[in-house]
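# Chains, contacts and geometry: an overview
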Amino acid sequence: METRRIDELRVVGPFGAGKVLEAEMLRIAAAKKVPRPSRPKKPQPGTCVFPFDAELAQHAVDYCRVASRIHHDVLKTKADRLEKLFDELVEAEIFQVLGCPLSFSVQVKNVDDFAAGDRQVVGTIKNAILETAASSGNTSEVDPSNPDTVVNATILGDQLVISKLLTPESLSRRGWRLERTEAPMRENLAALVLMACRYDPRKEALIDPMCGSGTLPIEAGLLAIGAANRKSSDQPSLFPETKPTLWASDVDSNAVAITLRNAERADVAITTQTIPYQELTDLPDGLIVANLPYGERLEQEDLDRSIIEFESWARSQKNCRTAMIVPGTFDPLLLQERPRMDKPLKNGNLSIRLLQLR
Ligand SMILES: C[S@@+](CC[C@H](N)C(=O)[O-])C[C@H]1O[C@@H](n2cnc3c(N)ncnc32)[C@H](O)[C@@H]1O
C-alpha cells in the first residue's frame with residue numbers, strides 16, 4: 001500500500017514565514033503552558049509541520065497570528081491515479097481515520113501534479129469516505145455549506161496529504177477590517193512583518209506613517225495583548241496587561257478615517273494624524289514600519305525614487321528603528337546603506353521585500 005497514516009499538525013503561513021511561525025508556536029505553547037513542540041519539518045516555504053497535539057492545535061487555531069490555515073494531517077499517499085487513490089483510501093479506512101464525521105465537504109489545493117482534474121480528485125475522496133462509512137454500517141453525508149469536517153487534500157513534495165482543515169475560514173481575515181484602502185496588506189502578513197522585526201510593544205511605540213486602512217498598527221495592538229486571532233472569538237487575550245503605543249498617519253484623510261473606524265471595530269486605541277510623512281515631528285522612540293505605495297500605475301523609477309526618499313527621512317529619525325515593505329523589484333543596492341535585513345515575502349501573489357534599516 002502506498003498510503004500511510006500520519007498524525008501531524010500543519011501550520012501554513014505566508015511565503016517566507018517558516019522561522020517566525022516556528023517561534024510563534026513556541027510562544028503560544030509557553031503562554032498556554034502546554035508541552036513545547038519539537039522542531040517542525042518545513043516541507044515548503046512558510047509551512048511548519050509538528051507532531052499532532054490536540055491542545056496545541058486548538059491554541060494555534062485560537063491565537064496563531066501568522067498562520068492563514070491550520071490542518072490536522074491524517075493520511076499521506078503516493079497514489080497518483082484515481083482508481084488507486086480510491087482503493088487505497090478505502091483500505092486505509094479514511095472515514096474512521098477522519099473521526100467518523102456525520103457530514104463533510106472535500107476541498108483540494110495544489111493538486112495540479114495529479115493525473116486528474118480537481119473535481120475528479122474531490123469526487124474520488126468523497127466516494128472513498130462514503131464507501132468506508134457504509135461498509136462499516138455508518139452513515140455520513142456530503143454537506144458543502146455546514147459540514148462537521150472539512151477534508152482537504154494537497155500535494156506536498158511528491159505525496160498527496162489528506163487532512164482535516166481546522167480553520168475552515170482563512171485566519172488572514174480577522175473580522176475587523178470591513179473597510180480597506182487601495183493595496184492593503186493581508187492581516188497575517190502584517191503579523192509576520194512585525195514579528196520578523198522583533199517588535200517589542202513593552203519597549204517601543206509602533207509608528208506607521210503610511211497607514212492606509214491601518215492593518216499594521218491595528219495588528220500591532222492586537223499582537224501586543226496576544227488577542228485571539230479572530231474578532232468573533234471568545235478566547236481571552238494572553239497578555240491583557242500590555243499597553244502598546246500606536247501611531248498611524250497618512251497623507252490621505254480618507255485612509256486615516258478608515259484606519260480609525262477599523263481600529264474601533266478591533267478595539268485598539270491609535271493616535272492618528274493626516275499628514276505627509278515628510279512633515280511628521282516629535283515621534284516617540286519606536287519602530288517605524290511603512291508599507292510604501294506600489295502598483296501597476298507606478299513606474300519603477302518613481303518607485304525607486306520614493307523608496308530612496310523615504311529611507312533618507314527614516315534615517316534622520318534617530319530615536320527609531322525602521323522597516324519598510326517595498327516591491328520585490330526594488331534593488332536594495334540603491335539604498336544609502338545596506339539594510340540589516342532583506343526578506344523576500346509575498347502579499348497574495350505579489351512579490352515584496354521587507355527591508356529593515358537598523
Ligand atoms: C500601500 S498603501 C498602505 C497600505 C496599508 N499598509 C494597508 O494595509 O492598508 C500606501 C499608503 O501610503 C500613503 N502615502 C503615499 N504617499 C504618502 C506620503 N508622502 N505621506 C504619507 N502617506 C503617504 C497612501 O495614501 C497609501 O494609503
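This text goes with the structure placed above it.
Rules used throughout
Residues numbered from 1 in each chain as written. Predicted model: local features only at pLDDT ≥ 70, side-chain atom pairs only at ≥ 80, totals over all residues. Core = buried A, V, L, I, M, F, W, Y, C linked by C-beta atoms within 7 Å. Buried ≥ 20, exposed ≤ 12 C-beta atoms within 10 Å, placed from the backbone. Helix = DSSP H or I, 4+ residues; strand = E, 2+ residues; numbered from the N terminus. Domains from an automatic or database assignment. Contact = placed C-beta atoms within 7 Å. Near = placed C-beta within 6 Å. Nonpolar A, V, L, I, M, F, W, Y, C, P; charged D, E, K, R; others polar. Expected span 1.5 Å × (residues − 1). Arc of directions from axis to C-beta. Pairing = 2+ DSSP bridges. Axes fitted to C-alpha atoms, helices over the stretch in contact; angles between N-to-C directions.

### So, the nonpolar core
Counting residues in hydrophobic clusters, the biggest one holds 75 residues, and the most contacted among them are V11, A60, C64 and V193. In terms of residue count, helix α6 (residues 187-196) provides more of this core than any other element does, eight residues in total. Taken domain by domain, the makeup of this core includes at least three residues from each of domain 1 (3-165) and domain 2 (187-356). Apart from residues lying up to four places away in sequence, C64 is in contact with V11, E24, M25, I28, I70, L171 and N229. Core analysis: the second largest hydrophobic core is formed by 22 residues, V74, F95, I129 and A133 among them.

### Thoughts on the site of the ligand
Near the ligand lie 18 residues; those nearest to it are P184, M210, G212, T215 and N291. Of the residues contributing to the shell around the ligand, the split by class is eleven nonpolar, five polar and two charged.

### Some details on helix α5 (residues 118-135)
When the terminal C-alpha atoms of α5 are compared, their 26 Å separation across 18 residues agrees well with the 26 Å that a helix rising 1.5 Å per residue should span. Listed in full, the buried residues belonging to α5 are V121, T124, I125, A128, I129, T132 and A133. Down the axis of α5, the buried side of the element spans an arc of 165°, and every buried residue falls inside it. Counted as exposed and oriented over 90 degrees from the buried face of α5: R119, A134 and S135. Where α5 is buried, its residues touch α3 (82-91), α4 (94-97), β4 (103-109), β6 (149-156) and β7 (159-165). The positive-phi residue at the C-terminal boundary of α5 is G137, with phi of around 75°.

### Digging into the sheet that holds strand β12 (residues 320-327)
Read from one edge to the other, the open sheet built from seven strands follows the order β10-β9-β8-β11-β12-β14-β13, with strand pairing classed as mixed. Each of the sheet's edge strands pairs with one partner strand only, and the pair in question is β10 (271-274) and β13 (341-347). Each adjacent strand pair in this sheet contributes to an overall mean axis angle of 20°, direction not counted. Inspection of the sheet shows strand β8 (residues 205-208) paired to strand β11 (residues 286-291) by three bridges, in the parallel sense.

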